[in-house]
Amino acid sequence: MSQQQSFKKVSAITGMKDILPGESARWEHLEAIVRDWLAAYGYRNLRAPVLEHTRLFARGIGEVTDIVEKEMYSFTDALNGDMLTMRPEFTAGMVRATIEHNLLYERPQRVYAMGPVFRHERPQRGRYRQFHQIDVEALGFAGPDVDAELILMLARLWKLLGLKDVRLELNSLGLPEERAAHRQALVAHLETHIDVLDEEARRRMHTNPLRVLDTKNPAMQEMANSAPRLFDFLGEQSRAHFDGVCERLHDAGISYTLNPRLVRGLDYYNLTVFEWTTDRLGAQGTVCGGGRYDGLLELLGGKPAPAVGFAIGMERLLDLWEQDASYDTPAECDVYFVHQSEAAQRQAMRLAELLRDAGLKVMVHAGPSGFKAQFKRADLSGAAAAVILGDAELQSGRASVKWLRQEQADNQEQQQEMPFGQLVEFLQSRCKQKV
Ligand code: HAM
């Protein structure tokens, strides 16, 4: 049996998607909008590695979170025995880089990252094992002004994208000592309702009791609704911080719902936490989540410094954007060269370079094909014009320009001849009109 016959086709890993050229144009368009949006608030890009030491996430996100307990892609480096993990989120890595390079030495930092993250979850619409986040972190800022600014930023992004029906939910997780007092009361509440707790809740009631309230189990809803609310345990400082955020949201005309059950799935949060959700994405309706994590820098070995941030799930954002805003996939090029002989093809390559110098997007048909097949390709490319170089054109030194789109053909003759020397100027002016 030949090697080729015995090799079984390889497909992508479950929950990890290829983003094909037809779709990626929209991704790139989103990324360009996002970069401008971030620049408008002074955020700069920080690119940390995809792979980090496992202990960074275990300590940063928390040992008893879903992510660390069961969702991380971790393995042992075969060469040196290190335990490594594909990042399940950006924050821990961004904080590690901030500490490692002493970025807060001179001033606070506004940083962002965009890219893939990995969680071994059960895949469904809006939930993947490799997905992408836009992650934004404001490091070294303590006040409610920055929390509010982050939320304002997000409201602006939804507006820029024309998104409808995204709601803001807000909560405060208070300070560690307030959480400790609440935790005690909560564990006591869970203990008195032990009979309705499911297995997971019983397992978690002492390790992570707040997460028990996050349950979807209908039999536990009444117990969860009557549980002591962390919000009621907040002291003066926490309340003032929360009020500071709310006042600024009010100033900006941003409405929100206070959701005392909002706890988030990562352990590093304190004070402000928030999520933006929608009903239009099925079960996975959270487009963005974030909050303050004032203890994380110290927890990860840095000097104590406050911080706040959020991450947007890009697949979910794109899903919503597709529902709300039409989008024309951009053409592959402005001009497509069709040619007849090797000599014509070489001339086409020379002319194409000149057109590219002038800022046009140009494709030269590759390989030998008949005119008909080449025109079909030209049409598929979405180009405004095909430039035809046959033997006659080579001899006369004049190319034929054929307009391929109705709107151009209506405004000018469908096919025009143009001396090679004038082709750049001619196409540059006509193709630019289109834009
Ligand atoms: P997170 O809530 O775990 O927060 O994730 C943020 C967003 O990523 C979610 O709101 C959702 O849109 C998207 N997402 C999460 N899991 C998946 C998945 N399996 N498939 C597709 N999308 C998903 C964080 O990651 C924090 N690091 C956010 C943060 C930054 N907090 C402070 N700074």
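Please refer to the structure placed before this passage.
Residues numbered from 1 in each chain as written. Predicted model: local features only at pLDDT ≥ 70, side-chain atom pairs only at ≥ 80, totals over all residues. Heavy atoms only, no water.

**Let's talk about the site of the ligand**
Okay, step 1: Near the ligand lie 27 residues; those nearest to it are Glu-89, Glu-121, Glu-137, Tyr-269 and Thr-286.
Okay, step 2: Note that an oxygen atom of the ligand is positioned 3.1 Å from one of the backbone N or O atoms of Val-287.
Okay, step 3: About the coverage of the ligand: the protein hides 95% of its 650 Å² of free accessible area.
Okay, step 4: Among the elements of the structure, strand S6 (130-139), strand S10 (286-292) and strand S11 (307-313) are those that each provide at least two residues to the shell around the ligand.
Okay, step 5: Broken down by element, the residue count for the shell around the ligand peaks at 6 residues, all from S10. (Near = heavy atom within 4 Å. Polar contact = N/O pair within 3.5 Å; in protein donor to acceptor, adjacent residues only side chain to side chain. Areas by Shrake-Rupley, 256 points an atom, 1.4 Å probe, with all protein chains shown as cover. Helix = DSSP H or I, 4+ residues; strand = E, 2+ residues; numbered from the N terminus.)

**A word on the sheet that holds strand S14 (residues 385-389)**
Okay, step 1: Read across the open sheet, the 5 strands follow the order S13-S12-S14-S15-S16; overall the sheet is mixed. Only two strands of the sheet have a single partner each, and these edge strands are strand S13 (362-364) and strand S16 (415-419). Adjacent strand axes in the sheet meet at a mean angle of 25 degrees when their direction is disregarded.
Okay, step 2: Where strand S15 (residues 398-403) and S16 come together, 5 bridges link them in antiparallel fashion. When the bridges of S16 are listed, Ser-400 appears paired with Glu-417.
Okay, step 3: Lying over the sheet, helix H15 (residues 371-381) contacts strand S12 (335-339), S13, S14 and S15, oriented at roughly 175 degrees with respect to S12. (Pairing = 2+ DSSP bridges. Axes fitted to C-alpha atoms, helices over the stretch in contact; angles between N-to-C directions. Contact = heavy atoms within 4.5 Å.)

**Notes on helix H14 (residues 342-357)**
Okay, step 1: With 16 residues, H14 extends 23 Å from end C-alpha to end C-alpha; this agrees with the ideal 22 Å at 1.5 Å per step.
Okay, step 2: For H14, the set of buried residues is Ala-344, Gln-347, Ala-348, Leu-351, Ala-352 and Leu-355. Seen along its axis, H14 keeps its buried residues to an arc of 145 degrees; they face one direction. Set apart from the buried face of H14 by more than 90 degrees, the exposed residues are Glu-342, Arg-350 and Asp-357.
Okay, step 3: Among the residues trailing H14, Gly-359 stands out with phi positive, at a value near 95 degrees. (Expected span 1.5 Å × (residues − 1). Buried < 20%, exposed > 50% of the residue type's maximum accessible area, 1.4 Å probe, protein only. Arc of directions from axis to C-beta.)

**Notes on unusual backbone geometry**
Okay, step 1: One non-glycine residue, Asn-102, lies in positive phi territory at about 55 degrees.
Okay, step 2: Structurally, Asn-102 can be placed in the loop between helix H5 (91-100) and strand S5 (109-118).
Okay, step 3: For Asn-102, a relative accessible area of 42% puts it in the partly exposed group.
Okay, step 4: The phi angle at Arg-264 is positive, at roughly 70 degrees, despite the residue not being glycine.
Okay, step 5: Relative to the helices and strands, Arg-264 is located in the loop between strand S8 (257-258) and strand S9 (270-277).

**Brief notes about the nonpolar core**
Okay, step 1: Judged by nonpolar contacts, the single largest core of 48 residues is most densely connected at Trp-37, Trp-158, Trp-276, Ile-312 and Leu-317.
Okay, step 2: Per-element tally for this core: the top contributor is helix H6 (residues 144-161), with 9 residues. (Core = buried A, V, L, I, M, F, W, Y, C linked by side-chain atoms within 4.5 Å.)

**Details of the packing of H6 against helix H11 (residues 236-251)**
Okay, step 1: Running from N to C, H6 and H11 cross one another at 40 degrees; their axes reach a closest spacing of 8 Å. Classified by the angle their axes make, H6 and H11 are oblique. H11 is crossed by H6, and the crossing has right-handed handedness. Residue-level inspection shows Pro-144, Asp-145, Asp-147, Ala-148, Ile-151 and Leu-152 of H6 in contact with H11, the latter providing His-241, Gly-244, Val-245, Arg-248 and Leu-249.
Okay, step 2: The residue makeup of the contact of H6 with H11, split by class, is 6 nonpolar, 2 polar and 3 charged. (Parallel < 35°, antiparallel > 145°, perpendicular 65-115°, else oblique. Left-handed = near helix turned anticlockwise from the far one by under 90°. Nonpolar A, V, L, I, M, F, W, Y, C, P; charged D, E, K, R; others polar.)

**Some thoughts on the packing of aromatic side chains**
Okay, step 1: Applying the stated rule across the entire model yields 9 aromatic pairs.
Okay, step 2: With 6.2 Å between their ring centres and 35 degrees between their planes, Phe-371 and Phe-375 make a pair best called tilted. Of this pair, Phe-371 and Phe-375 both sit in helix H15, 4 residues apart, roughly one helical turn.
Okay, step 3: When its relative accessible area of 30% is taken as the criterion, Phe-371 is described as partly exposed. (Phe/Tyr/Trp six-rings, centres within 6.5 Å; stacked < 30°, edge-to-face > 60°.)

**Concerning the pairing of strand S7 (residues 167-172)**
Okay, step 1: Where burial is concerned, most of S7 is hidden: 5 out of the 6 residues are buried.
Okay, step 2: For S7 and S8, the ladder comprises 2 bridges, and the chain directions are parallel. Directly across from Leu-170, in S8, lies its bridge partner Leu-258.

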